Amino acid sequence: MKTRRNFIKLTALGSAAIFTSSCLTSEKKNVTVSKLQKDIKKPIVISTWNHGLEANEASWKILSKGGTALDAVEAGVKITESDPNNTSVGLGGLPDRDGKVTLDACIMDHENNCGAVACLQDIENPISVARKVMEETQHVMLVGEGAKQFALEKGFKETNLLTEKSKEAWEKWKEESKYQPVINSENHDTIGMLALDESGNLSGACTTSGMAYKLHGRVGDSPIIGAGLFVDNEAGAACATGVGEAVIRIAGSSIVVELMRNGMSPNDACKEAVNRIIRKHKDLANMQVGFIALNKFGEADAPELRALMAAGFVLFLVTLLVNFIANIIINRTARKG
Ligand code: SD4
């Protein structure tokens, strides 16, 4: 049953919103979640890590004026992509083991439209290229040289993304690393952002330079729809950060959304996905994975919330992981009250 239709129908009846969905198991179980329209927290935007705070401000400018979630998430993560001081996303991202900065990004809207680019070089804002793939091609994902060629054709400027700071870090790494790529929880950070707009539509964006010093050509979860990001306007949206290989193995973000569809809170859905990763991996050394999730009602709770009040915003710092190294931060920006 389409949520949107329900919203319209039920608003006319007395401002209640309902969505219905069925379980993944063969024993079809219907779960109905209902909420008064007035209790839906919108607009709202959430994002990962410290850099997300600045990104949230850019999205909030759009959302607070009634703009779309899609425009908001693109504008938000672009801030992080263009920040040369951030070494894990876009310009200034740490390179692969050959010294090349390769970027992964994807975007998804409330109608299941999606676009992605992977292993893209020399383009500062991969999220906008991903949006062009979504809106101006029949495809979902472009990679490598093809993605770059497409970007240039669409008017994106060629930019050297390897800053002095990142080059120095890479050169230092080469001295000690014996040219072996490392999976290290210190060396990666993605910006993932999810938003629910005034019209009740969800969108999400995810963008990263991926794991530092990775093998050239390596693509993580971040540009993969269903792994790094998934949005279903009937249920919710989720985004992952951390070791991409582990997230891909369980189709992480789509699992979180499916669990929310079946009635779980964003909090429990994220925990279950993390637990699934724990169950499926024998070796958890250096493993760091986290999810953020936002449901159709604007709920984005997660374990161990610490509330911070800031001018006009409510920001929550969240520690998300259950058993192993965990320090995933969720920034939430919503109307006060
Ligand atoms: C990747 N998931 O390339 C990304 C990196 C990341 O926090 O999210 N780091 O595997």
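Here, the structure is the one placed above.
Rules and cut-offs
- Residues numbered from 1 in each chain as written.
- Predicted model: local features only at pLDDT ≥ 70, side-chain atom pairs only at ≥ 80, totals over all residues.
- Heavy atoms only, no water.
- Buried < 20%, exposed > 50% of the residue type's maximum accessible area, 1.4 Å probe, protein only.
- Helix = DSSP H or I, 4+ residues; strand = E, 2+ residues; numbered from the N terminus.
- Pairing = 2+ DSSP bridges.
- Disulfide = S-S within 2.5 Å.
- Near = heavy atom within 4 Å.
- Polar contact = N/O pair within 3.5 Å; in protein donor to acceptor, adjacent residues only side chain to side chain.
- Areas by Shrake-Rupley, 256 points an atom, 1.4 Å probe, with all protein chains shown as cover.
- Nonpolar A, V, L, I, M, F, W, Y, C, P; charged D, E, K, R; others polar.
- Salt bridge = Lys/Arg side-chain N within 4 Å of Asp/Glu carboxyl O.
- Axes fitted to C-alpha atoms, helices over the stretch in contact; angles between N-to-C directions.
- Contact = heavy atoms within 4.5 Å.
- Patch = residues over 30% accessible without salt bridge, like charges linked within 9 Å, V, L, I, M, F, W, Y side chains within 5 Å.

A. Fine view of the pairing of strand S11 (residues 289–295). Counting buried residues in S11 gives seven out of seven residues, a clear majority hidden from the surface. Burial along S11 is two-sided: the residues Val-289, Phe-291, Ala-293 and Asn-295 and Gly-290, Ile-292 and Leu-294 are all buried. Inspection of the sheet shows strand S10 (residues 236–242) paired to S11 by seven bridges, in the antiparallel sense. When the bridges of S11 are listed, Ala-237 appears paired with Leu-294.

B. Focus on the state of the cysteines. Enumeration according to the criterion identifies zero disulfides in this entry. No disulfide involves Cys-239; its sulfur sits 3.9 Å from the nearest other cysteine sulfur, which is in Cys-206.

C. Structural view of the site of the ligand. The environment of the ligand is formed by 13 residues, the closest being Thr-190, Arg-218, Asp-221, Thr-241 and Gly-242. Here an oxygen atom of the ligand sits 2.7 Å away from a polar atom, N or O, in the side chain of Thr-241. Within the backbone of Gly-242, a nitrogen or oxygen atom sits 2.7 Å from a nitrogen atom of the ligand. Surface burial for the ligand is 100%, taken as the share of its 290 Å² of free accessible area covered by protein chains. Looking at side-chain class alone, the shell around the ligand contains one nonpolar, nine polar and three charged residues.

D. Region of the structure containing the pattern of salt bridges. Applying the stated rule across the entire model yields 13 salt bridges. Measuring nitrogen to oxygen at the nearest pair gives 2.8 Å for the salt bridge that ties Arg-131 to Glu-74. Here the residue Arg-131 occupies a position in helix H4 (residues 126–136), and Glu-74 occupies one in helix H3 (residues 69–81), the gap between them amounting to 57 residues. Glu-74 matches Arg-131 in its accessibility class, with the two residues each being buried. The closest approach of N and O atoms between Glu-245 and Arg-218, which form a salt bridge, is 2.8 Å. With Glu-245 in helix H7 (residues 244–249) and Arg-218 in the loop between strand S8 (202–208) and strand S9 (229–232), this residue pair connects regions lying 27 residues apart in the sequence. A relative accessible area of 24% places Glu-245 in the partly exposed class. Here Arg-218 falls in the buried class, since its relative accessible area comes to 13%.

E. Broad picture of the sheet that holds S11. Strand order in the open sheet formed by three strands is S9-S10-S11, with antiparallel pairing between adjacent strands. Both outer strands of the open sheet, S9 and S11, are each paired with one neighbouring strand and no more. The sheet shows a mean angle of 10° between the axes of neighbouring strands, direction not considered. Strands S9, S10 and S11 of the sheet are contacted by helix H8 (residues 252–261), whose axis makes an angle of about 145° with S10.

F. Seen up close, a nonpolar patch on the surface. On the surface, Val-140, Met-141 and Val-143 cluster together to form a nonpolar patch covering roughly 230 Å² of accessible area. With respect to the element layout, Val-143 can be found in strand S6 (residues 141–143).

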